[in-house]
Amino acid sequence: MAGWLIALISGALMSLQGVFNTEVTKQTSIWVSAGWVQLTAFLTCVVLWLFGDRHTVSAILSVRPWYLLLGGVMGAFITWTVIKSMALLKPAQATLIIVVAQILVSYLVELMGLFGVEKTGFEWKKVLGAGLAILGIFIFK
């Protein structure tokens, strides 16, 4: 149950963040907005680390494979793509397409056992669910 609640909060926060960032971009620029997002996220992480687990920061140097450290780079482009898609499509439609893309890519990662994720078996019901989600994009449009 906790996983569901956290996932729902995550989705709500992502949608609101996209709207906020798109509005900030209208008053600044896309890279100023994206930079602000990343900077404030970093500062938030530092504060939470100071009052939280306090694991050694140097542990980041031991992470293998090295490409797993590209999450921050992806984060910058995620911010950019969310801002651009929301500005071009409207928030609800952009969010729907983003979520469907997340479902499809996540399922492929699970199916193929990529990036250290446990490999799972193919299930038609998941493909059907993804297909219904794709159909939902066209219905929503």
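Report follows, based on the coordinates.

About the criteria used
Residues numbered from 1 in each chain as written. Predicted model: local features only at pLDDT ≥ 70, side-chain atom pairs only at ≥ 80, totals over all residues. Heavy atoms only, no water. Helix = DSSP H or I, 4+ residues; strand = E, 2+ residues; numbered from the N terminus. Buried < 20%, exposed > 50% of the residue type's maximum accessible area, 1.4 Å probe, protein only. Contact = heavy atoms within 4.5 Å. Areas by Shrake-Rupley, 256 points an atom, 1.4 Å probe, with all protein chains shown as cover. Polar contact = N/O pair within 3.5 Å; in protein donor to acceptor, adjacent residues only side chain to side chain.

Let us look at the overall build of the protein. Assigned secondary structure in the protein consists of five helices and zero strands. Listing every helix and strand of the protein by position from the N terminus yields α-α-α-α-α. Viewed in the frame of its principal axes, the protein has a C-alpha envelope of about 45 × 40 × 30 Å. With 141 residues in all, the protein has 17% of them scored as buried. In the protein, the proportion of contacts linking residues at least 24 apart, taken out of those at least 6 apart, comes to 56%. Here the protein displays about 10,700 Å² of accessible surface, and carbon together with sulfur accounts for 76% of that area.

Moving on, we get to the environment of Thr25. Relative to the elements of secondary structure, Thr25 occurs in helix H1 (residues 2-27). In the structure, Thr25 is positioned 38 residues away from Val63 in sequence and 34 Å away in space, judged by C-alpha atoms. Those residues in contact with Thr25, other than ones at most four positions away along the chain, are Ile30, Ser33 and Ile83. Polar side-chain contacts of Thr25 include one of 2.8 Å to the backbone oxygen of Asn21.

Time to look at unusual backbone geometry. In this structure, Pro65 follows Arg64 across a cis peptide bond, with omega equal to -5°. Among the secondary structure elements, Pro65 is positioned in the loop between helix H2 (30-50) and helix H3 (71-89). With a phi close to 55°, Arg54 is a non-glycine residue in the positive phi region. Among the structural elements, Arg54 can be located in the loop between H2 and H3. If you check the backbone angles, Phe115 has positive phi at about 60° while not being a glycine. With respect to the helices and strands, Phe115 occurs in the loop between helix H4 (91-112) and helix H5 (124-140).

Here we come to the side chain of Asn21. Following the sequence through the fold, Asn21 ends up in helix H1. Owing to a relative accessible area of 9%, Asn21 belongs among the buried residues under this scheme. Beyond its immediate chain neighbours, meaning those up to four positions away, Asn21 contacts Ser33, Val37, Thr79 and Ile83.

In this structure, Ser33 sits in helix H2. Ignoring any residue separated from it by four or fewer positions in sequence, one finds Ser33 in contact with Asn21, Val24, Thr25, Thr28 and Ile83.

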